[in-house]
Amino acid sequence: MRLFSFLLLLLSLAACAPKPPPPVAIRIPDRPIEYLAEVKPILDSRCVVCHSCYNSPCQLKLSSYDGLDRGASKKKIYNATRLKTMDPTRLFIDAQSTEEWRKKGFTSVTDNSAGPGFNDSLMLELLNHKMDNPKSSGDYFAEAEDLTCAENSSELGGYLKKHPNRGMPFGFPPLKKEEFAIIAGWLAQGAKGPSAEQQARLAAPAKKDIPAIKRWESFFNQDDAKHRVTARYLYEHLFLAQINFDPGGKTFYELVRSRTPPGEPIDLVATVRPYDDPETDRVYYRFRPIYATIVHKTHMVFTLDAAEFTRLQKLFIEPKWLQEPHRISYDPKLSANPFVAFEQIPPRSRYRFLLDHAQYIVMTFIRGPVCKGQIALNVIHDHFWVMFMDPKYDLNVRFPGFLRLHRKDLIMPIERGSRFPVLKLIDNPYFKAVQRFFKARQEFYAAHYFDGLGYDAIWKGEKASDSPLLTVYRHFDSASVHKGVLGELPRTMWVIDYPLLERIYYALVAGFDVYGTLGHQLAVRLYMDTLRVEGESYFLQFMPPKQRKSMLQSWYEGVKYKDIHTFQTNMPTAVTYRTTDSKREFIERVVGNHILPQTEIAFDPINYFPGGKTYPPLPDQYKTIDDFLQGLRAVSRPGTSFVRLFNDYNANLAYLRVRIPDKKDVVASLVINRWHDNVTYLFGENGVLDSSRDRVDVLKGFIGSYPNYFFDVTLAQLPDFLNLLANMQGNEQELQRFQTYGINRADDDFWTGYDWFQKRFYQDKPVQAGLFDLNRYYYKARQTSMAGPDF
């Protein structure tokens, strides 16, 4: 009787278990379907827009066949509560075969066990489910915790039964029937990738680049100590770069470490950090072609052309070094402190290299692995400008002994590797080290510059490619950096000198481990807090001493002055001010009279208001791009209807297309700058937001990598669109009008709109462009055919 009851229990449990969906019946095409020519273009335009990089759902990276073949994993790379380090799972680095990825827990999404004429692969089931359930409704968060990373059909079946509107593409319209037929047919044929011949061509350098590769690999792999130390320093700053060999080149390479010399197949040295011990007698620096689809969020271009070759020779090889050139050990603590590891190289050479590529260097920690998500990015304000100390005035550069004397205070939490004990943060030694270095630096500067620092201490640039001023925008859980001074006058500005720039780079880029523990990531986040205040304090040194306290407190509303005054100084300023608006007066003098004109740095003509100017009125007519940009600017005043529309933190960046008859359509980016009382918090960001003080910058072209919304209006509709934004009260009739201009993720023609913006991006920025990421497109799906966001 007990046995019978037990069997009944088993049967009842089996009946309740989720059933796999039936295999999809498909007609096997009578011709072979080519992956590169037919399948990959569909995946790029409909799937890679979400499935790429570290934040790819389920780690399913579809930007190359290698990633598709690797499959998916339940392990999350971005895990804010990780107490143990995670084994790295970097595509092309941490495993080299399908079998190796299976051992690391990755599941195939293309395997089929249903037999001829049917397919039960996870990939096809998700795509087919969307074809059967094409309408999206509700909320879609591609990086949410409740998404499935199913390992088999039964698990997937249970998920889709619970969430019938979550087929793929996730929260967007399904593939076209002909696109689905190609993918389904290809899967039925065995999901074969590139042929051996095709793969060999993909992995081979372009013929036009071979002479440059030979030249650069020869430079990086000279036997003498000076070249070898130089190569190591450069590699540690270029390991994230997507390198081309001429400014217009659209074939890209990554610089890697190899056990084999040039001329032989690359035997990759796979370490977590670029300065980790390669555990080989000799490491060689090699260029490996990037054949995965370029995505904008990781596309950081660095050009190694003939001019750069000459420049590096001049900076690193020709000067006499501070010590006889000698090889450096890979001791973990030594390698984590570049001021010790590379002390033999003159600081002037190192700093000039960083200044030559200031936008790239800042971009690495704005776009790099550390800067994913709100917790990583809430360490910065939504909008600020960055300036740099001129090497001629940077005493750390002029007197290298100062850095050597204080190198123990230039330590960073990355010296503890990926396992930082959280309890060590209670009495944080790295915060104290930053304080000691700041105090010593200020005393050194005060003793040397009796009258303080003036305009000449700000680096003015030398050539057109220099970026002496940068704009940083935070888009809530992503960010972007741009040459020049974009937008209205920001609340805060930074001045960065050599040791600050190097520490920011090593702490947030070279030494950051995205697979590290909670303690490691928290320690880096808190360390960056102190570096931000340091950069702001260096800017305050140029302000009138009597205004510094009030200015600092205005940046940190709600924070007691005693908690932020540590990084302040009584050092005078050499700047003479004529107005009480010292911040605006200073930056206008720097931009208008100090920065060299060949750098083409100028104020943003749409968004920046010189002293005494304010928001413009709506124009009487719309004939030029500046007319319509003025109209947008007129309705973006803080507190107006337009700004209130975007008070959801998932709506921070929108692209607007204006169709103009017989002319090229105009594109603008609407960048929302959220007001934060302060940015000293780790959690509870909502408590320091004030939407009544938010601002909007309207900028020509494309800003950022993660658009949250698309708008599409004709020139004839523009007055109505702008008047609606200026006077919207939120009634149903107004909302219906507004919805006709927005492209909602549920719209049947969403992909047509997206394709236009993506194509235009490639046209406008053929070298710098890459695929936009749609993971953070506005999450609310409306079921009407032309619906706007539910703000």
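Quick caveat, the model's predicted, so the values are computed rather than measured.

Draft legend 1. Looking closely at helix α22 (residues 545-555). Turning to α22, its buried residues are Arg548, Met551, Leu552 and Trp555. On an axial view of α22, the arc spanned by its buried residues comes to 100 degrees, and they lie on one face. Those residues of α22 hidden inside the fold are in contact with β11 (492-496), α21 (518-540) and α23 (582-594).

Draft legend 2. Examining the environment of Val283 more closely. Tracing the backbone through its elements, the reader meets Val283 in the loop between β5 (253-258) and β6 (284-289). Classification of Val283 by relative accessible area gives buried; the value is 10%. The sequence separation of Val283 and Gly190 amounts to 93 residues, and the corresponding C-alpha distance is 40 Å.

Draft legend 3. Representation of the pattern of salt bridges in the model. With the rule as written, the count across this model stands at 45 salt bridges. Ionic pairing is found between Arg259 and Asp267, a salt bridge with its closest N-O pair at 3.3 Å. Taking relative accessible area as the criterion, Arg259 reaches 36% and is therefore assigned partly exposed. Of the charged contacts in the structure, one is a salt bridge between Arg404 and Glu343, with a shortest N-O distance of 2.7 Å.

Draft legend 4. Spotlight on the sheet that holds strand β14 (residues 695-700). The mixed open sheet is built from five strands, whose spatial order is β14-β13-β12-β15-β16. Here the strands that pair on one side only, and so sit at the sheet edges, are β14 and β16 (742-743). Of the pairings in the sheet, the one linking strand β15 (residues 709-714) to β16 comprises two bridges and is antiparallel in character. Opposite Phe711, over in β16, you have Gly742 as the bridge partner. Across the face of the sheet, helix α26 (residues 718-727) comes into contact with β12 (653-659) and β15 while running at roughly 130 degrees to β15.

Draft legend 5. Structural context of the nonpolar core. Trp216, Phe287, Phe388 and Phe586 are the most contacted members of the largest nonpolar core, which totals 132 residues. It is helix α20 (residues 498-510) that contributes the most residues to this core, 10 residues altogether. Not counting residues up to four positions away in its chain, the partners in contact with Phe287 are Ile213, Trp216, Glu217, Phe220, Ile243, Phe245, Tyr253, Glu254, Leu255, Ile266 and Leu304.

Draft legend 6. Structural view of the side chain of Asn678. Its place among the elements puts Asn678 in the loop between β13 (666-673) and β14. Within the local environment of Asn678, its side chain forms a polar contact with the backbone oxygen of Glu557, the two atoms lying 2.8 Å apart. A distance of 2.7 Å separates polar atoms of two side chains, one belonging to Asn678 and the other to Thr680. In this view, Asn678 contacts Trp555, Tyr556, Glu557, Val559 and Val688; residues no more than four positions away in its chain are not counted.

Draft legend 7. Representation of the sheet that holds strand β8 (residues 383-388) in the model. Pairing is mixed across the open sheet formed by four strands, whose spatial order is β10-β9-β8-β11. Of all the strands in the sheet, just β10 (479-483) and β11 have a single pairing partner and so form its edges. Neighbour-to-neighbour, the strand axes of this sheet turn through a mean angle of 25 degrees, independent of strand direction. One ladder, built from five bridges, connects β8 with strand β9 (residues 469-474); its direction is antiparallel. In the strand pairing of β9, Trp385 is matched with Thr471.

How each quantity is defined
- Residues numbered from 1 in each chain as written.
- Predicted model: local features only at pLDDT ≥ 70, side-chain atom pairs only at ≥ 80, totals over all residues.
- Heavy atoms only, no water.
- Buried < 20%, exposed > 50% of the residue type's maximum accessible area, 1.4 Å probe, protein only.
- Helix = DSSP H or I, 4+ residues; strand = E, 2+ residues; numbered from the N terminus.
- Arc of directions from axis to C-beta.
- Contact = heavy atoms within 4.5 Å.
- Salt bridge = Lys/Arg side-chain N within 4 Å of Asp/Glu carboxyl O.
- Pairing = 2+ DSSP bridges.
- Axes fitted to C-alpha atoms, helices over the stretch in contact; angles between N-to-C directions.
- Core = buried A, V, L, I, M, F, W, Y, C linked by side-chain atoms within 4.5 Å.
- Polar contact = N/O pair within 3.5 Å; in protein donor to acceptor, adjacent residues only side chain to side chain.

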